[in-house]
Amino acid sequence: MNAPTAAAETGTLQNTERKAEILRRLQPLLPSHALLWQAEDTTPYECDGLTAYRQRPLAVALPETEAQVAAVLKACHALGVPVVARGAGTGLSGGAMPHGQGVTLSLAKFNRIQRIDPLARTAVVQCGVRNLAISEAAAPHGLYYAPDPSSQIACTIGGNVAENSGGVHCLKYGLTLHNVLQVRGYTAEGEPVTFGGTALDAPGLDLLSLVVGSEGMLAVVTEVTVKLLPKPQLARCIMASFNDVRRAGDAVAAVIAAGIIPAGLEMMDKPMTAAAEDFVHAGYDLNAEAILLCESDGTPEEVEEEIGRMEAVLRGAGATAMSVSRDEAERLRFWSGRKNAFPASGRLSPDYMCMDSTIPRKRLADVLLAIQQMEGKYGLRCANVFHAGDGNLHPLILFDANDPDQLHRAELFGADILETSVAMGGTVTGEHGVGVEKLNSMCVQFTPEEREAMFAVKRAFDPAGGLNPGKVIPTLQRCAEYGKLVVRGGVLPHPELPRF
């Protein structure tokens with residue numbers, strides 16, 4: 001028997017023994033149907049929305065009560081077993097991808113809305129409640145939950161908290177952080193913990209702002225108290241066409257410079273509008289190089305005045321055509337293309353890799369033109385949709401993951417976009433998180449001292465490093481290896497991730 005074969009067999013034996021030990025500890029804690037370990041049962045959990053990287057966990061726990069969550073965490077902590085919390089699996093950065101030597105903690109059964117308080121304008125919901133379900137439950141009270149990611153029909157509030165998700169209306173109403181009052185959950189050791197509070201201000205340090213967006217590295221969230229807002233009396237949307245992407249980008253900056261904060265301000269380039277139009281027939285201008293969707297909401301008087309001001313600004317910025325929604329059905333039709341941009345792109349290519357960098361608004365056109373040049377450089381197509389109002393980019397790189405060379409070029413393309421965004425004064429992520437996808441780019445943006453400070457925060461919450469390890473913060477060794485590869489034009493995949 002040669003050495004590699006012997007090592008592989010030893011590793012397989014160790015995995016088998018480790019799995020058996022984990023199952024012995026977890027089986028008394030959960031109903032039989034709530035613990036999965038056979039390959040055919042754990043395979044559906046092997047990735048999130050970033051399907052290029054996959055890894056099966058040793059086991060999947062599906063607790064039904066908070067007591068079971070605490071018990072699973074305590075058992076895994078005692079065994080030194082990594083735990084990755086998972087919601088609906090709609091994330092796009094690999095944040096919920098399992099650890100090959102660990103347990104995936106699925107919180108899908110925590111799907112109850114505990115209570116809605118129309119007077120306080122709050123809702124208390126379990127972490128597995130769908131984003132859109134909150135607004136549906138609050139609608140009879142004339143209220144809704146403002147953050148609206150494109151995946152809101154499926155994504156969960158726990159996942160939104162993990163990634164600090166936004167949506168097309170985040171420019172005016174803020175991200176998840178701005179719409180959450182309190183988060184309850186458990187530490188890596190299984191101890192209960194609460195961040196924030198229901199009062200105007202919470203005592204002590206503002207740890208809520210730290211936990212929102214921490215990608216499951218600091219605590220496991222089980223319950224969230226969110227703010228609810230009154231539904232606007234009226235909303236209308238402008239669809240503006242531009243024959244040049246620079247004019248469209250400049251128009252975004254002009255709207256904000258005019259002192260207007262639209263309810264939504266989104267941008268789509270020509271390839272994306274064509275894909276969306278073919279998918280949902282939203283009525284988009286297929287001759288435009290880029291379109292903007294600019295929404296106003298409020299009282300009828302406020303909307304009329306703001307729509308008029310935005311039309312004037314857009315016309316002055318070079319819009320070649322404009323349409324204003326005449327009724328609610330047409331407004332929703334305008335937005336349907338934007339909301340379905342990702343599935344529309346899925347019809348163009350077997351796979352896509354969605355980037356998530358953020359840049360200053362004035363550089364929107366610069367980065368779009370740079371991406372167009374990268375398409376030639378890497379031999380891959382890219383369709384672009386932006387939360388233009390706050391400079392959050394979502395380029396979708398189209399490729400076939402069955403072709404290793406295409407996957408490699410897609411990785412290089414994505415890294416180039418992220419690092420170009422940093423060079424333009426931006427950051428590598430806006431709302432999709434770092435996960436495993438952006439580890440290399442974190443090496444570019446943050447110094448060793450800054451990354452060590454991030455590790456120090458994690459150690460303060462999770463000294464053993466058991467929650468979602470190997471993600472978000474790259475090690476010094478990884479960044480050193482990445483630096484060497486960059487010189488040779490390479491890209492460094494996550495060391496533990498099989499690439500498909």
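Residues numbered from 1 in each chain as written. Predicted model: local features only at pLDDT ≥ 70, side-chain atom pairs only at ≥ 80, totals over all residues. Heavy atoms only, no water.

Student: Would you explain the pattern of salt bridges in this entry?
Tutor: Side chains that differ in charge, positive against negative, can pair when their charged atoms come close. A full pass over the atoms with the stated rule returns 22 salt bridges. Residues Asp297 and Lys172 are paired through a salt bridge, measuring 2.6 Å at the closest nitrogen-oxygen approach. Separated by 125 residues along the polypeptide, Asp297 in strand 14 (residues 290-298) and Lys172 in helix 6 (residues 170-173) bring together distant segments of the chain. Linked through salt bridges whose partners overlap, the residues forming this network are Glu66, Arg184 and Glu223. (Salt bridge = Lys/Arg side-chain N within 4 Å of Asp/Glu carboxyl O. Helix = DSSP H or I, 4+ residues; strand = E, 2+ residues; numbered from the N terminus.)

Student: I would appreciate a short explanation of the packing of aromatic side chains in the present structure.
Tutor: Aromatic rings in a pair are described by how distant their centres are and how their planes are angled relative to each other. One pass over the structure, following the stated rule, counts 4 aromatic pairs. Relative to Phe461, the ring of Phe195 lies with its centre 6.2 Å away and its plane at 40 degrees, an arrangement referred to as tilted. Of this pair, Phe195 sits in strand 9 (residues 192-196) while Phe461 sits in helix 16 (residues 448-461), and the two are 266 residues apart along the sequence. Owing to a relative accessible area of 4%, Phe195 belongs among the buried residues under this scheme. For Phe461, a relative accessible area of 18% translates into the label buried. Between Phe342 and Tyr352 the ring centres are 6.1 Å apart and the planes differ by 55 degrees, which places this aromatic pair in the tilted class. With a gap of 10 residues between them, Phe342 in helix 12 (residues 341-346) and Tyr352 in strand 16 (residues 351-354) connect regions that are remote in the sequence. Since its relative accessible area comes to 14%, Phe342 is described here as buried. (Phe/Tyr/Trp six-rings, centres within 6.5 Å; stacked < 30°, edge-to-face > 60°. Buried < 20%, exposed > 50% of the residue type's maximum accessible area, 1.4 Å probe, protein only.)

Student: Explain the sheet that holds strand 1 (residues 35-36) to me, please; I cannot follow it from the model alone.
Tutor: Backbone-to-backbone hydrogen bonds pair the strands of a sheet. The strands run either parallel or antiparallel. One open sheet accounts for 4 strands, arranged 1-2-4-3; its pairing is mixed. Only two strands of the sheet have a single neighbouring strand rather than two, namely strand 1 and strand 3 (83-86). Pairing of strand 1 with strand 2 (residues 59-61), which is carried by 2 bridges, proceeds in the antiparallel orientation. Paired with Leu35 across the strands is Ala61, a residue of strand 2. The strands touched by helix 3 (residues 66-79) within the sheet are strand 2, strand 3 and strand 4 (103-106), with strand 4 carrying the most contacts at an inclination of about 165 degrees. (Pairing = 2+ DSSP bridges. Contact = heavy atoms within 4.5 Å. Axes fitted to C-alpha atoms, helices over the stretch in contact; angles between N-to-C directions.)

Student: Please explain the sheet that holds strand 18 (residues 392-399) as it appears in this structure.
Tutor: Strand order across the open sheet formed by 7 strands is 15-12-14-13-17-18-16, with antiparallel pairing between neighbours. Whereas interior strands pair on both sides, the edge strands pair on one side only; in this sheet they are strand 15 (321-324) and strand 16. Taking each pair of neighbouring strands and ignoring which way they run, the sheet shows an average axis angle of 15 degrees. Note: strand 12 (residues 234-242) against strand 15, 4 bridges, orientation antiparallel. Its bridge partner being in strand 15, Ser241 is matched across the sheet by Ala321. Along the sheet, helix 10 (residues 300-316) contacts strand 12, strand 14 and strand 15; its crossing angle with strand 14, the most-contacted strand, is approximately 155 degrees. Contacts from helix 14 (residues 404-423) reach strand 16, strand 17 (382-387) and strand 18 within the one sheet, and its direction differs from that of strand 18 by about 165 degrees.

Student: When you look at the state of the cysteines in this model, what are you seeing that I'm missing?
Tutor: Such a bond, covalent and formed between the sulfur atoms of two cysteines, is termed a disulfide. Considering all chains together, one arrives at 1 disulfide under this definition. Disulfide pairing is shown between Cys443 and Cys479; the S-S distance is 2.1 Å. Taking the torsion about the sulfur-sulfur bond, which here is approximately -80 degrees, the covalent link between Cys443 and Cys479 counts as left-handed. Placement of Cys443 in helix 15 (residues 439-445) and of Cys479 in helix 17 (residues 476-487) is noted, with a sequence separation of 36 residues between them. No disulfide involves Cys294; its sulfur sits 7.0 Å from the nearest other cysteine sulfur, which is in Cys237. (Disulfide = S-S within 2.5 Å.)

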